[in-house]
Every structure is written in structure tokens, then in C-alpha cells.
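Structural characterization, general
Listed below, chain by chain, are the residues.
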Amino acid sequence: MTQAVAGPPEARPDERLARSSPLRRLLGRPELGALLGAVALFAFFSIVADAFLRAGSFSTVLYAASTFGIMAVGVSLLMIGGEFDLSAGVMVTSSALVAALTAYQFTLNVWAGVAISLVLTLALGMVNGVLYVRTRLPSFIITLATFFMLAGLNLGVTKALTGNVASDSVRDMDGFASARAVFASDVDVLGVNVKVTVFWWLLFTAIATWLLLRTRAGNWIFAVGGAAGSARAVGVPVDRVKIGLFMGVAFCAWFSGMHLVFAFATVQSGEGVGNEFLYIICAVIGGCLLTGGYGSAIGAAIGAFIFGMTNKGIVYAEWNPDWFRFFLGAMLLIATVVNLVVRRRVERSP
Amino acid sequence: MRGVFARGTSRGLAVLAAAGLLALSACSSSGGKKSEDTPEGAGPRLKIAMVTHSGAGDTFWDIVQKGAKAAAAKDNVEFLYSADPDGGKQAQLVQAALDKKVDGIIVTLAKPDAMKDVLARAAAAKVPVVTINSGAEESAKLGAVAHFGQDESIAGEAAGTELAKIGAKKALCVVHEQGNVGLEDRCAGAKKTFGGDLQNLFVQGTNMPEVKSSLTAKLQADKGIDGILTLGAPFAATAVDAVKETGSKAEIGTFDLNKDLIASIKSGAIAFAVDQQPYLQGYGAVDELWLLKNNGNVLGGGRPVLTGPAIVTEQNAGQLEAFANRGTR
């Protein structure tokens, strides 16, 4: 895992940075600090927790990382584009509820629910984006508003339709098995049981990295996040890029929502609140700046990996659960500070 | 599969029809013509407010409300519900209910200190108060006439006994909300009667994949675990998955019920559930306020009335299935 993510910086051709040494180029990458933090955490937990190094355990860590990481892909791109989405956490639940409720209430094949959910969730992302573009209010406010509305809708609609606060189980419906295979199955890799979400996470991260570094859209994303005014002046379609980025988050929320439905068959309507911050934390640990214009999708993936390691490492180390949140906060702080120090050093050196 | 599907259609229609009926009955319970014709023996129409510390979308509190509404419909009571997990805001909601001149207040005492002043104001205004769920010890001190709830320690002890009965030696107590005193009491109670080794595991209850991966991690870290006690129904289902995946031999017990859980108990995937009968807490509290007003009665004679623990196992799960399916058990 750590080797895989270390690969791309060296593999990058150097036409844009022809004068700097390979070492400088490596140090200039936004994800380097996070990578060092990840290595340090990995070593730390390998020492303090016997069970941490077992292949099965590592697969669990990767699963935890992937459930955050899939969302962190969309969230990191949006942050590079200079915006936040506070509705991302409950949007996952909304998306899952839409699929489960439509499939059950209309007795459809679950794949129909999956498709309806995709359309509606992308529309939600578009609403966030269009509201932002039209009003120019901070995305923080817009998505805070949609966060509350979605949380209310999740509960209100679910209760109105089912009479309870959770969706009905879709486990015995047509299409469940195939949908589960896509969104929530296990894959056997050399005798180790790995969740399919891990592969999707890596795939999404790869696609986002390609998009950022190899396409014109990627340049636009950096441009609108760094200096929207200048970007507009040179002809970048700023509004379209921002709406697209909100829809990117929505797509990731849809995927995560489908994982919820097909891994657990019923969806609790009150879930998801608070997760939006965890996604932002993953992106920030991975080197995305809160001010936009800087960051990487690989960084966000490493951030999610750090988060997964901390989250599960505490369980493997069998520490007193009363201290859980303290450990979590301390780990995050250390990882972020390492990240910061590395970047400052790079920026200061000639 | 086909058969299930065909039945699914009629079930969908039934759900729609039921929702329609529910909507109708919900309309008629507040105001309108019905409020004029008092049902036989129901006494004058009362207005009762329930203010709990529930977060949004919690199955448990949904069942409490269903119980309260059933009693309200029977007793010709106008029932108002509001909730806030923050102690200060919950107190404000109680104040708002007092401002509305209600005839009785039902309140939870998850944070008794925050409720002290507003309950004193209720006493000054001669509005009777009934406490439910949490705060059995503080209830009388704060001037409530009655308390309906489960003693969490006693419920925990019952769970510990059940865990021991299924032969577990080393078990987990899965806490899904950190810092919740009631949940800690359950684990402490279970520890007392269990006899074996019982450790607490904290999971983030609002994030099911996190619950699952934490359980999986714990089962991988400690292969000796042969019992899991979850403190809410949805977490038990996730524990079943985690046990299956890790090849663990752990047996699962849980607090609270829902319809999926009944099916899991019937199939043997979950060994037992400790039910504190939330329906009874809502129903009892409304009934108590009605009885007090119309006949001066106090259920339990001023002592806390225990609504649990009721133990559900493979033996009696079948009898409760219909009730769990409609979300009242």
C-alpha cells in the first residue's frame, strides 16, 4: 500500500519542473508529509499492537480507510477547487435511503433504486453547486443549509413511508445479490479477505489523480481554487467547474450510500451526521489546504489511510476506550503537524 | 424468490394503505369534531407534552412515542412531543411546554441538573410531572409524581446472566455512544453477574461501516472472545456480520428490539435481547397523568415503575413478531 502510493511522484515526467532535482520535486508534493505520517503511524501501531500486522487485520484497516477514502476523493477535489461540502455526511444516508425506500415501496428490482438514487444524488450535488454559483454565498453556508434540510428529509420521509425511523430490509429483493457483489462484496486476495470498497477507493483515487494532473479540467480545478477571478479572466468556466465538483462529491456520496444499503440491507435514517468533518480531515491530513488551490487526491487517500489506521489501531492496541477520542485527536494533530512542517521546510528552502 | 416478490407488491400497497389510515387517524386525534365528543369515561380533554433527550431518528424513541400516542388516543389527550439531546435546550423545550399551559409534562432526566429549575417552575405552576427512561433516582427529588423506566444496572445484570447462560467466558460490551451514563451502567451491571471477562468496546454509533470495522478489528485482535453484548438493536445485526466474516465463535446478545432482530433471534443468529419495553414507558406516562387528573392515582405508589428488563429469546420471539413488525415492540 505505502509503496503503491509512493510510486506516482517519481513516475511523473519532469517537463514542468525541468530545473529542480528529483528530491526537491518529491518534497514539493502535497502528500509527502502525510506519507511520512502514515509510515510513522504504521510503524507505531505495528510495535504497540500485536494483531495490527496480521494480513486479516490490515484488510480491516483498509476497509475502514476505504469507507472514508471514497468520500475523501470527491471532497478533496472540491477543496482544491476552493469549496466545502458540509452536506456530504448526511448525503450518503440520503442516497442510501432513496435507493432502499424506492426499491421497497414500489417493489422494484434494487438496481432501479440504485439508478434513481444516482440521479437524485447527482441532482442534490447540482443543487449545492447551482445555489453557490447563483448566490455567491460561502459554500459553508449553502451546504450547512442543505445539511439540515437533508437530515430532516431523511427522517421525515422515512418515517412517513415506513412508519419507523429505519428503512425496510431489501435483503430478499431481486437484484440484491448482484448489487451486493458490486458495492459490498469481499474479494479473496492471496487468501486474505479484502472488501471490494478498497478496490473502488483505489480506482477512484487513480481517476481523480489522472483528472487533476493530466487533463485540462484538472488545471481548471487548481485555477478556480487558487484564484477564481484570474481563472475567469483567462476563460476558465469557473461556475461549471464548481458545479461539477459539487456533483463529484455527490457521486462519491451515492457510491458510499450504495455500500451502506448493500452491506447492511436496512438504513438508519439518523446516520451520517458528523462524518462530513471526517472526510474534510482526511483531505486536510493529505495536504489539501483549507484555502483551496493546493492538494492532491493521493494525499486524501493517504489521509483516509491514516484515519483508518488510527481508528482501528486503537482497537488492535486494546487501549481503554474512554480515551479513544483523545488518541484520535492526538494522532490527527501529529499527522497534520508533520505534514505542515515538511511543507514549510520545502517552501522556505531555495 | 418470485413468490416473495409477488407478496412484496401487495405488501407495498398495504403499507400505502396503512400510511393513509395512519394519516387519517393522526388527523382525528387533535382538534376537530372528535375533540368535542368526549369518548365514554375519558374525562375532560387534557394536553400533555413529552420532552426527551433523544437525538433525531432513533428507533427507541420512536417506539416510546408510539406508546404515548396510543394512550393519548385512548385517553382523549392532545399529545405534544419535542426532544433535544442538549440538556439546556431540553429545559427550554420544557419551559415552552409550560408556556403552552399543558396539563402535564413527561420528561426524561438524562441530565437532571439541567432540568432542576424548569421542573421547579412546573411545580410552582401546579403542572404534574412524570419522568421516564432515565433518572429514577432523581425523579422524586425533582418533584415528579411517578417514574417509568428500566433500571439500567438491573437490566445490565439481566444481560450478564444471559451471557453467562449461553456459555460465554470472554465477552465485549459494545458502547455506541461515548459518555452516555445509561450505557456505561448497563456494561457495569453485566460485568457484575457475568462472571467471566467483560470489556467495553467503543464504536461510533452514527457510522455503521465504522461500527462494523471496529467489531471486526476487535474480533481479529482477540480470538478468545466468545460473547458480544450490543446496547442497541441495529448494532446487533452488524455484530452478526462481523462474527460471520471473522469466523469468530462469539454468541451475540443485545438490548432493544426491532423486526429484523426478532427474525435473527428466531434463526438463532442472535441469542437474546433485553427489552426495556419503550412502548410501555410512553404509554404508562400518559396514562399516569390521565389517572392522576381523573382519579388521583399514582402508579407504582410513588416508587419507580420498572418497564424492563424483559428477556426475548428463541422461545418467545415468535409471539412478539407481529408487534415488532409494526414497530411497537
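Only a predicted model underlies this, so the values are computations on that prediction, with no experimental measurement involved.

Helix and strand counts for chain B stand at 12 helices and 12 strands. Here chain B holds 329 residues, and the buried ones make up 50% of them. Summed over its atoms, the accessible surface of chain B is roughly 13,800 Å², and 55% of this surface lies on carbon and sulfur atoms.

Further remarks concern the domain arrangement of chain B. Residue and element names in this part refer to chain B. Taken domain by domain, chain B holds domain 1 (5-150 + 276-308) and domain 2 (152-275). Between domain 1 and domain 2, the residue contacts involve 9 residues of the former and 9 residues of the latter. Each partner contributes to the roughly 640 Å² buried at the junction of domain 1 and domain 2, and carbon and sulfur atoms together form 42% of this total. Three residues stand out in domain 1 for area buried against domain 2, namely T59, Q150 and Q276, and they jointly supply 60% of the buried area on that side. Across the domain 1-domain 2 interface, the total number found is 0 salt bridges. Our count for the contact surface shared by domain 1 and domain 2 stands at 2 residue pairs in polar contact (both at pLDDT 80 or more). Classifying every residue of the side of domain 1 that touches domain 2 gives 4 nonpolar, 5 polar and no charged.

Another point: the pairing of strand β1 (residues 46-52) of chain B. All names here are of chain B. The element β1 is extensively covered by neighbouring structure, given that 6 of its 7 residues are classed as buried. The sheet contact formed by β1 and strand β2 (residues 77-83) spans 7 bridges and is parallel. Directly across from T52, in β2, lies its bridge partner A83. The handedness of the β1 to β2 crossover, carried by helix α2 (residues 59-75), is right-handed.

What follows concerns the side chain of S139 of chain B. With respect to the helices, strands and loops of the structure, S139 of chain B is situated in helix α5 (residues 136-141). Side-chain polar atoms of S139 of chain B contact the side chain of T131 of chain B, separated by 2.8 Å.

Let us look at the packing of aromatic side chains. Residues and elements named next belong to chain A. Going through the model one piece at a time under the given rule, you end up with 24 aromatic pairs over all chains. Both rings, one in F183 and one in F262, keep their centres 5.8 Å apart while their planes meet at 15 degrees; by these two values the pair is stacked. Of the two residues, F183 sits in helix α8 (residues 176-183) while F262 sits in helix α12 (residues 238-264), which places them 79 residues apart along the sequence. Considered together, F183 and F262 belong to a single accessibility category, that of buried residues.

Here we take up the confidence of the model for chain A. One rule of thumb: low pLDDT means the predicted coordinates there are not for detailed reading. On average, residues of chain A carry a pLDDT of 87, and 91% of them reach 70 or more. Contacts of residues 1-10 of chain A to residues separated by more than four positions or lying in other chains number 15 contacts, the stretch itself having pLDDT below 50.

What counts as what
All residue numbers here refer to positions counted from 1 along the written sequence of the relevant chain. Whichever chain is written first becomes A and whichever ligand is written first becomes 1, with later ones labelled in order. Local features in this predicted model are restricted to residues of pLDDT 70 or higher, and side-chain atom pairs are both shown and tallied only at a pLDDT of 80 or more, whereas totals for entire chains, interfaces and linings draw on every residue. No hydrogens and no water enter the side-chain calculation; it runs on all heavy atoms of the structure. Helix and strand assignments come from DSSP, with helices taken as H or I runs of at least 4 residues and strands as E runs of at least 2, each series counted from the N terminus. Note on classification: 1.4 Å probe, protein chains only; a residue is buried when its accessible area is under 20% of the maximum for its type, exposed when over 50%, partly exposed between these limits. Values of accessible area rely on a 1.4 Å probe in the Shrake-Rupley scheme; residue burial ignores everything except the protein chains shown. Residue ranges assigned to each domain were obtained from an automatic or database domain assignment. We call two residues in contact when some of their heavy atoms are within 4.5 Å. Accessible area that two parts lose when put together, with a 1.4 Å probe and added across both, is what the buried area reports. A carboxyl oxygen of Asp or Glu within 4 Å of a side-chain nitrogen of Lys or Arg is what we treat as a salt bridge. Whenever a nitrogen or oxygen atom comes within 3.5 Å of another N or O atom, the pair is scored as a polar contact, on the condition that within protein one atom can donate a hydrogen and the other can accept it, and that pairs from neighbouring residues in sequence are kept only if both atoms are in side chains. Only Asp, Glu, Lys and Arg are considered charged, only Ala, Val, Leu, Ile, Met, Phe, Trp, Tyr, Cys and Pro nonpolar, and every remaining residue, Gly among them, polar. Strand pairing is assigned whenever DSSP detects at least two bridges linking the two strands. Crossover handedness is defined here as right-handed if the route from the first strand over the helix to the second strand goes clockwise, with the strands pointing away from the viewer. Any two rings among Phe, Tyr and Trp, with Trp reduced to its six-membered ring, count as a pair given centres within 6.5 Å; such a pair is stacked if its planes are under 30 degrees apart, edge-to-face if over 60, and tilted if neither. On a range of 0 to 100, pLDDT expresses the predictor's confidence in each residue.

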